[in-house]
Number of protein chains: 2
Amino acid sequence: MNLQQKKTSAPDTTVLEKLRASGLRPTRQRLALAKLLFGRGHCHVTAEGLFNEAKQTHVNVSLATVYNALHDFTAKGLLREISVDSSSSYFDTNTDDHHHFFFEGTGELQDIPPDSVRIAALPEAPGGSAISRVDVIIRVRD
Amino acid sequence: MNLQQKKTSAPDTTVLEKLRASGLRPTRQRLALAKLLFGRGHCHVTAEGLFNEAKQTHVNVSLATVYNALHDFTAKGLLREISVDSSSSYFDTNTDDHHHFFFEGTGELQDIPPDSVRIAALPEAPGGSAISRVDVIIRVRD
DNA sequence: CAAGTTGATTAGAATTTTTCTAAACTGCGA
DNA sequence: TCGCAGTTTAGAAAAATTCTAATCAACTTG
Ligand SMILES: [Mn+2]
Ligand SMILES: [Mn+2]
Ligand SMILES: [Zn+2]
Ligand SMILES: [Zn+2]
């Protein structure tokens, strides 16, 4: 149950290179998860959600490995983590600077077109600290 | 260990009335927690943090009761819940419309003076949904 | 190219955070 | 005062996340 990668006959070159470029070993588990994450358009996933997708695709990884991969990808800038809700955190395959709608009923996230939010004034970062990110979350009731 | 309220000889009238006005029974446990929360200036607490304060003040409540009280207070508009961090959610005694600095190192929250953030443009709420709140969180590295 | 070394990775186990639900309590009407 | 009904509490359970020991694989050496 702990087989590691074997040379895939038709590797998804794009995803493979994405991992290599970031300095993460393209293991069988990471490749499979990266394919699920980056193989189609941008999406917002939870650990549990990605884990379930993996199961459906017969990709055998533990939930802990899903967390590890999500955190590793985030640390390398391939994903962005978003906290909107105490229930669980979301990971966003869109790492461009952008903001979100959060649908309180369904728990879903949706990107907001970058230009439709404009912040006119921002305060100074307090005492010797530096701004690392500004998150705008528009909560909507559906 | 399950004694309920008994008439306190010198009740904190302000806190007592705050609970009565919101329609929550002013039980011994809620009064004690409300006193910790509202008895001083505005603050941002986690369930665990408030639970520890309670222990230090020899207020005997279970952690589950702290969660119940925080959620009840939030439902009645006495508190506001904030998600910034997957580790745990925060509850804010300041229910006015305002935004936050989040110190990534220490995990602390700090209010931003209301006028120093101005949002110039906001998008329409998508398809038949209505905006319930806009949260701006400025993450800073300390 | 085999074996040994070392650092990276995986995933079961443990921990932390939050919620559920049965029991305890309280307010009210008889 | 007593019993009933809705409310509240908190131990137990569940859900979310992290820890760590075992495993794996890249690299070095012979
Ligand atoms: Mn959590
Ligand atoms: Mn949880
Ligand atoms: Zn997004
Ligand atoms: Zn605040």
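Quick caveat, the model's predicted, so the values are computed rather than measured.

Novice: I tried to follow the coordination of the zinc ion (ligand 4) on my own but got confused; where do I start?
Specialist: All names here are of chain B. The zinc ion (ligand 4) binds to the protein through His44 (NE2), Asp92 (OD), His98 (NE2), His100 (NE2) and Asp111 (OD); the donor distances cover 1.9 to 2.3 Å. Counting along the primary sequence, the residues that act as donors to the zinc ion (ligand 4) give the motif H-x47-D-x5-H-x1-H-x10-D. Linking His44 in strand β1 (residues 44–46) with His100 in strand β4 (residues 99–103), this pair joins segments that are 56 residues apart in sequence. You can call His100 buried: its relative accessible area is 2%.

Novice: I'm lost on the relation of the copies chain B and chain A in this one. Help?
Specialist: Between the two copies of this chain, the relationship is a rotation about some axis together with a displacement along it. Overlaying chain B with chain A gives an RMSD of 0.1 Å, the required rotation being 180° about an axis along which the chain moves by 0.0 Å. Taken together, these values place the two copies in the relation of a two-fold axis. A shared interface surface links the copies, since 100% of the contact residues of chain B are contact residues in chain A too.

Novice: Can you walk me through the interface of chain B and chain A in this structure?
Specialist: How big an interface is tends to be stated in terms of the accessible area lost upon association of its parts. On the chain A side, the residues contacting the 36 residues of chain B number 36 residues. Summed over both partners, the interface of chain B with chain A buries about 2800 Å², with 59% contributed by carbon and sulfur atoms. Run the count over chain B and chain A and you get two salt bridges. Of the charged contacts in the structure, one is a salt bridge between Asp135 of chain B and Arg139 of chain A, with a shortest N-O distance of 3.0 Å. In this assembly, chain B and chain A are joined by 18 residue pairs in polar contact (both at pLDDT 80 or more). Elements that contribute at least two residues to the side of chain B that touches chain A include exactly β4, β5 (108–112), β6 (118–121) and β7 (130–141) of chain B. Taken together, the residues that form the side of chain B that touches chain A break down as 19 nonpolar, seven polar and 10 charged. Where strand β6 (residues 118–121) of chain A meets β6 of chain B, three bridges bridge the pair, whose relative direction is antiparallel. When the sheet's bridge partners are listed, Ala121 of chain A is paired in β6 of chain B with Arg118 of chain B.

Novice: Just checking my understanding: could you explain empty space enclosed by the protein for this structure?
Specialist: The gaps of empty space that remain are located by a probe, the size of a water molecule, rolled over the atoms. Residues and elements named next belong to chain B. Counted according to the given criterion, the structure contains one cavity of 30 Å³ or more. Of the volumes computed, that of the largest cavity is approximately 30 Å³. In this structure, the largest cavity is lined by Arg80, Ile82, His98, His99, His100, Arg133, Asp135, Val136 and Ile137. When contributions to the lining of the largest cavity are tallied by element, the ones reaching two or more residues are β2 (80–82), β4 and β7. Among the elements that make up the lining of the largest cavity, the one with the highest residue count is β7 (four residues). Here the residues of the lining of the largest cavity sort into three nonpolar, three polar and three charged.

Novice: Any chance you could explain the nonpolar core here in plain terms?
Specialist: In a soluble, globular protein the nonpolar side chains are often hidden away together inside. Ranked by internal contacts, the top residues of the largest apolar core, which has 26 residues, are Leu37, Val66, Leu70 and Phe73 of chain B. The set of elements that each furnish at least two residues to this core consists of α1 (13–22), α2 (28–38), α3 (47–56) and α4 (63–75) of chain B. Take this core: its biggest share by element is seven residues, from α2 of chain B. Membership of the second largest hydrophobic core comes to 25 residues, among which are Leu31, Ala34, Ala47 and Phe73 of chain A.

Novice: Before we go on, may I ask you to explain the side chain of Thr93 of chain A in this structure?
Specialist: Residue and element names in this part refer to chain A. Locating Thr93 in the fold gives a position in the loop between β3 (90–92) and β4 (99–103). Separated by 2.7 Å, the side chain of Thr93 and the backbone nitrogen of Cys43 make a polar contact. Residues in contact with Thr93, not counting those within four places in the same chain, are Leu37, Phe38, Gly41, His42, Cys43, Leu78 and Leu79.

Novice: Looking at this structure, how should I read the sheet that holds strand β2 (residues 80–82) of chain A?
Specialist: Sheet strands pair via backbone hydrogen bonds, and the direction of the pair is either parallel or antiparallel. All names here are of chain A. Spatial ordering of the open sheet is given by β1-β3-β2, a layout of three strands whose pairing is antiparallel. The open sheet has two free edges, formed respectively by β1 (44–46) and β2, since each of these has just one partner strand. On average, each strand axis in the sheet is inclined to that of its neighbour by 35°, with strand direction left out of account. Here helix α4 (residues 63–75) sits on the sheet in contact with β1, β2 and β3, set at roughly 45° to β3.

Calculation rules
- Residues numbered from 1 in each chain as written.
- Chains lettered and ligands numbered in written order.
- Predicted model: local features only at pLDDT ≥ 70, side-chain atom pairs only at ≥ 80, totals over all residues.
- Heavy atoms only, no water.
- Donors = N, O, S within 2.8 Å, 3.2 Å for Na, K, Ca; no water.
- Helix = DSSP H or I, 4+ residues; strand = E, 2+ residues; numbered from the N terminus.
- Buried < 20%, exposed > 50% of the residue type's maximum accessible area, 1.4 Å probe, protein only.
- Least-squares fit on C-alpha atoms with pLDDT ≥ 70 in both.
- Contact = heavy atoms within 4.5 Å.
- Buried area = accessible area lost by both parts, 1.4 Å probe.
- Salt bridge = Lys/Arg side-chain N within 4 Å of Asp/Glu carboxyl O.
- Polar contact = N/O pair within 3.5 Å; in protein donor to acceptor, adjacent residues only side chain to side chain.
- Nonpolar A, V, L, I, M, F, W, Y, C, P; charged D, E, K, R; others polar.
- Pairing = 2+ DSSP bridges.
- 1 Å grid on protein atoms, 1.4 Å probe; cavity = no way out; pocket = protein on both sides within 12 Å on 5 of 7 lines; lining within 4 Å.
- Points joined across faces, edges and corners; volume = space filled by probe spheres on them.
- Core = buried A, V, L, I, M, F, W, Y, C linked by side-chain atoms within 4.5 Å.
- Axes fitted to C-alpha atoms, helices over the stretch in contact; angles between N-to-C directions.

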